[in-house]
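# Commentary on secondary and tertiary structure
In case you want the letters, here they are:
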Amino acid sequence: MLIDIVFAFLAMSITYYVLQERSVFLDHSKILEITIFAIIVIGVFAYTDLYNYAVSLNRFRYLYRTTKGIVYTFIAYLILSWLLKSCHHQHTLFPLVLFFIFAGLTYFSRILILPLFAIIFPKRDIILYAPEGEYEEIGEWIGNHRESNINIHRIITDEDEMIKYREKGTPIILSTVTGNWERLSKLLLSFKDKIPVLLYSPLLSGIDEVDYWPYVNEVPLVPFRWNGKGKGYRWVKRVVDILGAIVAIIIFSPLMLTSAIIIKLTSEGPVFFKQERFGKKNKKFTMLKFRSMFRTNNHDTHREFVKNFINGNNCDKKVYKIIDDPRITPFGNILRKTSIDEFPQFFNVLTGDLSLVGPRPPIEYETKEYSEWQRERLSVTQGLTGVWQIFGRSQLPFDKSCFLDIYYAENKGLWMDLHLLILTLPTIVFGKGAY
């Protein structure tokens, strides 16, 4: 981050110098613009997770994210400059020259300086805990990635020995091939709020789109940092929820009004569908949706599907949702495909029953099928969108979907929330996983 700040100042200064605006350090407005540019760089790079250690472990993904960070930085810079009317340079080529100079410096820092740090600075010792003795694959991968700057100090398989290192606060890579989600979850959560953990398990194969994770032979190496426990985060998240819900209600009010009229004109029954759902710590609340089904329906079909889904009885499916559901009205299909049926839940966000970001709230008969480890997804306020909705919507079995919710519950933060909110828009527009 410090290097990015220095290079942001350097890129802007070189650009001024190249374009013959050499009085940069005598002009307060130019110093202010350089400072704003540096702030944009840090904000955008943090948003694109370039300061996430785990992301840097995969060089190709990291360079891809670096490219995204550079592009997003200049989009944000140009928009802010236009809004502040501060982009009045003597040369119209200023933004283009700045782009190439800053991009060059940034790639230089990621391709050369970062690996150099890995060589110069002492490697950090970590413990590889492999309770089932399966560690060759992850051990070999770490050995081949010098830029990880970590060294496997010891490989242990005994739980009592692991506990000693855990209490000392020694970082641990947890490697397991267990086929038991209950055991894996219990083992993982034993590290909660004690030390960071990198989890590696073939159980997670198939979750292949998450931006925050590096991958070892198509299996994710998942970082658990146990974030989002502070009062400051909870307070800011609540403020963002309220403001976001108000803005969304104002913006989408014409669309919601139009949808309400069409629902009333095309099928019998109320405009809104109200259903009791479970929120944080099993607190019940009434969730709102636009009605997308016919008034008289038997919900046994969905109840039976949910039971099979949670218990893994339909693991051979490619889509984990009822397709071509005869209970849905013609207009209801449009509402669901575009997720407009969920818009009334912004009012649930205002009341505090839901958050903008969080796991989806379950129905009571869903929770009755939960295993003990799956109830961990109810440890946080449920939400409109989340990790599962973005990276696995209707395309993962329940155990893996539940794991994504637990990952969010234990690693949530403002940057992750912002990222998920932004990624929600294309998910809705393209209807990914919506049926």
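The structure contained in this document is the topic of the report that follows. (Residues numbered from 1 in each chain as written. Predicted model: local features only at pLDDT ≥ 70, side-chain atom pairs only at ≥ 80, totals over all residues. Heavy atoms only, no water.)

In this section: helix 10 (residues 330–338). Burial in helix 10 covers these residues: Phe331, Gly332, Leu335 and Arg336. Projected down its long axis, helix 10 shows its buried positions confined to an angular sector of 140°, all on one face. Where helix 10 ends, the next residue or the one after it, serine 339, has phi of about 65°, a positive value. (Buried < 20%, exposed > 50% of the residue type's maximum accessible area, 1.4 Å probe, protein only. Helix = DSSP H or I, 4+ residues; strand = E, 2+ residues; numbered from the N terminus. Arc of directions from axis to C-beta.)

A few words now on a positive patch on the surface. Positive charge collects at one region of the surface, where Lys231, Arg234, Lys280 and Lys281 lie side by side. Summarising the element assignment, lysine 231 is placed in helix 8 (residues 231–266). On the basis of relative accessibility, which here comes to 68%, the residue lysine 231 falls in the exposed class. (Patch = residues over 30% accessible without salt bridge, like charges linked within 9 Å, V, L, I, M, F, W, Y side chains within 5 Å. Areas by Shrake-Rupley, 256 points an atom, 1.4 Å probe, with all protein chains shown as cover. Salt bridge = Lys/Arg side-chain N within 4 Å of Asp/Glu carboxyl O. Lys, Arg positive; Asp, Glu negative; His and termini not counted. Charge placed at Lys NZ, Arg CZ, Asp CG, Glu CD.)

Overall, mixed pairing links the six strands, which are arranged 2-1-3-4-6-5 in an open sheet. Edge positions in the sheet fall to strand 2 (150–156) and strand 5 (215–216), since each of these pairs with one other strand and no more. In this sheet, strand 6 (residues 219–224) lies alongside strand 5 in antiparallel orientation, the contact comprising two bridges. Bridging from a neighbouring strand, tyrosine 215 pairs with proline 220 of strand 6. (Pairing = 2+ DSSP bridges.)

Further remarks concern the packing of aromatic side chains. Within the structure shown, the criterion is met by 21 aromatic pairs. Taking 6.1 Å as the distance between ring centres and 55° as the angle between the ring planes, the aromatic pair formed by tryptophan 181 and phenylalanine 403 counts as tilted. Taken together, the residues span a long stretch of sequence, with tryptophan 181 in helix 7 (residues 181–189) and phenylalanine 403 in helix 14 (residues 398–411) at a distance of 222 residues. Of the two residues, tryptophan 181 and phenylalanine 403, neither departs from the other in class, the shared state being buried. (Phe/Tyr/Trp six-rings, centres within 6.5 Å; stacked < 30°, edge-to-face > 60°.)

Among the nonpolar cores identified, the biggest contains 69 residues, and Phe191, Leu199, Trp213, Phe403 and Leu420 are the most heavily contacted of them. Apart from the residues within four sequence positions on either side, tryptophan 213 is in contact with Arg61, Ile207, Pro220, Leu221, Val222, Pro223, Phe403, Leu404 and Tyr407. Counting 26 residues, the second largest nonpolar core, distinct from the first, contains Met12, Leu19, Phe45 and Phe102. (Core = buried A, V, L, I, M, F, W, Y, C linked by side-chain atoms within 4.5 Å. Contact = heavy atoms within 4.5 Å.)

With that out of the way, let us pick up helix 8. Along its length, helix 8 shows its largest kink, about 60°, at phenylalanine 252, and proline proline 254 lies within four residues downstream of that point. Those residues of helix 8 that sit buried are Tyr233, Lys237, Asp241, Ala245, Ala248, Ile249, Met256, Ser259, Ala260 and Ile263. (Bend = angle between axes of the 7 residues up to and from the residue.)

Once that is clear, we can look at unusual backbone geometry. Phi is positive for aspartate 193, which is not a glycine, with a value near 60°. Turning to its location among the elements, aspartate 193 is positioned in the loop between helix 7 and strand 4 (197–200). The backbone of asparagine 282 sits at a positive phi, close to 65°, despite the residue not being glycine. Here asparagine 282 lies in the loop between strand 7 (272–278) and strand 8 (284–290). Taking relative accessible area as the criterion, asparagine 282 reaches 41% and is therefore assigned partly exposed.

Okay, the pattern of salt bridges next. Note that side chains of opposite charge can pair when their charged atoms are close. Evaluation of the coordinates by the stated rule reveals twelve salt bridges. Ionic pairing is found between lysine 229 and aspartate 193, a salt bridge with its closest N-O pair at 4.0 Å. Within this pair, whereas lysine 229 is found in the loop between strand 6 and helix 8, its partner aspartate 193 is found in the loop between helix 7 and strand 4, the two being separated by 36 residues in sequence. Residue classification places lysine 229 among the partly exposed residues on the basis of a relative accessible area of 33%. What emerges from the salt-bridge pattern is a single network uniting Lys192, Asp193, Lys229, Glu376 and Glu410.

On to the packing of helix 1 (residues 2–18) against helix 4 (residues 94–120), then. In the contact formed by helix 1 and helix 4, the axes pass within 9 Å of each other and the chain directions differ by 145°. In the crossing of helix 1 with helix 4, the sense of the turn from one axis to the other is right-handed. Where helix 1 abuts helix 4, its residues Ile3, Asp4, Phe7, Ala8, Leu10, Ala11, Met12, Ile14, Thr15 and Tyr16 lie against Phe94, Val97, Leu98, Ile101, Phe102, Leu105, Phe108, Ser109, Arg110, Ile113 and Phe117. For the contact of helix 1 with helix 4, the residue count by class is 17 nonpolar, two polar and two charged. (Axes fitted to C-alpha atoms, helices over the stretch in contact; angles between N-to-C directions. Left-handed = near helix turned anticlockwise from the far one by under 90°. Nonpolar A, V, L, I, M, F, W, Y, C, P; charged D, E, K, R; others polar.)

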